[in-house]
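The chain contents come next:
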Amino acid sequence: MMENLDELEHPLLGESANNNWGPGPGLGPGTGQAPGGLFKGILVKCEEDRAYPPLAWRGYCGHPPELQQQQLLDPCSLPRTLESFYPAAPIWGHTDALLNKDYLETTFVDIRPGSTLERKLLAETQDFHSASYSMDDEDDLLPDSDDSSIDDFSDTDSENNFPLMIPQDYLGLAFFSMLCCFWPLGIAAFYLSQKVVQLQQPFDSSLEKPQFPGASAEFVDQLEFIQPNVISGIPVYRVMDRQGNIINPSQDPQLSKETVLNFYQKMTLLNTMDRILYESQRQGRISFYMTNYGEEGTHIGSAAALDPNDLVFGQYREAGVLMYRGFPLDHFMAQCYANADDLGKGRQMPVHYGSKDLNFVTISSPLATQIPQAAGAAYAVKRENINRAVICYFGEGAASEGDAHAGFNFSATLECPLIFFCRNNGYAISTPTNEQYRGDGIAARGPGYGMLSIRVDGNDVFAVYNATKEARRRAVAENQPFLIEAMTYRIGHHSTSDDSSAYRSVDEVNYWDKQDHPISRLRHYMTARGWWSEDDERSWRKQSRKTVMEAFERAERRLKPNPELLFTDVYQEMTPSLNKQRESLWRHVQQYKEHYPLDLYEK
């Protein structure tokens, strides 16, 4: 790109240490000398009977615009454009040389300083690169002049410094140079011609567009604040109605009978495990538990749409995702009982699952910490350039945390293959959604971060499946994040530490449990197709309960992990500080061993 006019005038000249723009030797005061000793100047010639001496062009340019025909290379451009940039550069020559031409010619002149030719114009003996334009109708353009006015102009008069005339319209020079001369010069001239055309166009404020880098919008001339309810709510995508009927056949995922039965069995198995472990906590057998009642469709539908290689960041209510991936009941029980079979070696509180083999990152208690972690993991996946995505689960309460903003913004600006899956179940522990935010849910936040977003019926396992599958496909193909807001309802208490009857009515809970449960909706779908019957239901309920109880009993009988594991898996070699703590622990246990039944722990 051209930075200044010097590049146009001297495209072949490099920078010179002797780049002196002061008066050149022998050129007279104020005369410019180009780098490398080239003299800058342009000569304008006219046909014989309408020739004007150089200084007379000033008078010609003073005529009204209607008397000034636009020339291919306009000689009137100097006073308007370039005299303020460069001092006048005189060109010496005889007017006789101008009077024997029947065309207008603009010539670029190369005169070396110290020339013995006394800076005379070598128009008749030297080749010039020039652009010409015929003057057929100049009688209507130039005022009449008698011969005396021309004869009176002498060589001495020309010493009044004929001004440097570089045309304002560079288009003719551009095409000529590209076709016949030096093509970089032509490109530069064409660039300048476009800028000149833009500058000459009349300004229309109604067509002006904002150029601010931070937003995309239009200018308005009315003061008006955007109302939060100016746009209707984001629609909820669904495939089945509450009775299990497919609404739009084109949206039916056309899953096989075996796949749908697997969906249903995993959803009901999770429900059965929840009931048994919840009662186990109430009996004091485990310390803590969180159920998934009413949200089973969000787990199974999304998990089924993922690739087994995809990395999962959960919160603490995504047990169904792990179950669908093949996490055995024994491992669920071992984790809740913190026994020796627990993959986390008894270091985590119940329902904080994790599995490296199944690409499920271990759950942590603090809200929303997994969101920026997922953004970082997705960025790493992008850099590896492999067919893999990351999915991050969280609730609408976690979306109110600052970590959510960081994760959303990082993933969008870094263009990460990440699916944000928000389970909007209506409550953040005891805080209802109308006290959490004033906007249109969580999906409405996506466009503000530049993310593609969708709101789905979380109680419709097919809608969740379709949305997650498409989001996963595009996230990997396009390297961009997606936000899915699954609208559902938390039928159970937040956890065993919560009594939800203090902040919501029993009737509200019963409505969602009896009228719009994801398990009953899918059962309606299977029954209508003859894939499931009452006998199948009774048989499966009995079998699933038995399976869960067997795993439950095995977990209770297992020993606890060795206490030595408290100090491992942090450093490769035990640090002096850890060694000191370890010794202190065993001294304490030996002193009060009646309070520590070590026979329940692995040796």
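Because the structure is a prediction, the values reported are computed rather than measured.

Undergrad: Go over the sheet that holds strand β4 (residues 311–313) with me, naming the residues and quoting the values.
TA: With parallel pairing, six strands are arranged side by side in an open sheet as β5-β4-β6-β7-β11-β10. At either margin of the open sheet sits one strand with a lone partner, and together these are β5 (360–361) and β10 (452–457). Here six bridges tie β10 to strand β11 (residues 482–487), and the two strands are oriented parallel to one another. Looking at β11, one finds that aspartate 457 is bridged to methionine 487. Along the sheet, helix α15 (residues 461–478) contacts β6 (390–395), β7 (418–424), β10 and β11; its crossing angle with β10, the most-contacted strand, is approximately 165°.

Undergrad: Give me the side chain of serine 302: which residues, what numbers.
TA: Mapped onto the secondary structure, serine 302 falls in helix α8 (residues 296–304). The exposure class of serine 302 is buried, given its relative accessible area of 0%. Excluding residues that lie within four positions of it along the chain, serine 302 makes contacts with Gly297, Val321, Tyr393, Phe421, Val464 and Thr468.

Undergrad: So, the side chain of threonine 272: which residues are in play, and what are the values?
TA: Looking at the element boundaries, threonine 272 is found in helix α7 (residues 257–282). Apart from the residues within four sequence positions on either side, threonine 272 is in contact with Arg541, Ser544, Arg545 and Val548.

Undergrad: Now, about the environment of cysteine 336: what can you tell me, with residues and values included?
TA: Take cysteine 336: it is sitting in helix α10 (residues 329–337). Spatially, the C-alpha atom of cysteine 336 lies 9.7 Å from that of glutamine 281, the residues being 55 residues apart in sequence.

Undergrad: A description of the confidence of the model for the protein should follow, citing residues and the corresponding values.
TA: On average, residues of the protein score 79 in pLDDT, and 67% of them are at 70 or above. Between residues 1–63, whose pLDDT stays under 50, and residues either more than four places distant or in other chains, the model counts 167 contacts. pLDDT under 50 marks residues 121–165. Its contacts with residues more than four places away, or in other chains, come to 95 contacts.

Undergrad: So what's going on with the pairing of β7? Residues and values would help.
TA: Of all seven residues in β7, seven are buried; the element is thus mostly enclosed. Burial of the side chains of β7 extends over both faces: Leu418, Phe420, Cys422 and Asn424 are buried on one face and Ile419, Phe421 and Arg423 on the other. Across six bridges, the pairing between β6 and β7 is parallel. For valine 390, the partnering residue across the bridge sits in β7 and is leucine 418. Following the backbone out of β6, through helix α12 (residues 402–413) and into the adjacent parallel β7, one traces a crossover that is right-handed. With six bridges connecting them, β7 and β11 associate as parallel partners.

Undergrad: Give me the lowdown on helix α17 (residues 518–528), citing residues and values where you can.
TA: When we look at burial in α17, the residues that qualify are Pro518, Ile519, Arg521, Leu522, Tyr525 and Met526. The buried side chains of α17 occupy one side of the element, clustering within an arc of 165° when seen end-on. The secondary structure elements touched by the buried residues of α17 are α7, α8, β10, α15 and α18 (534–557). At the exit of α17 stands glycine 530, carrying a positive phi of roughly 75°.

Procedures and definitions
Residues numbered from 1 in each chain as written. Predicted model: local features only at pLDDT ≥ 70, side-chain atom pairs only at ≥ 80, totals over all residues. Heavy atoms only, no water. Pairing = 2+ DSSP bridges. Helix = DSSP H or I, 4+ residues; strand = E, 2+ residues; numbered from the N terminus. Contact = heavy atoms within 4.5 Å. Axes fitted to C-alpha atoms, helices over the stretch in contact; angles between N-to-C directions. Buried < 20%, exposed > 50% of the residue type's maximum accessible area, 1.4 Å probe, protein only. pLDDT = per-residue confidence, 0-100. Right-handed = clockwise from strand over helix to strand, strands pointing away. Arc of directions from axis to C-beta.

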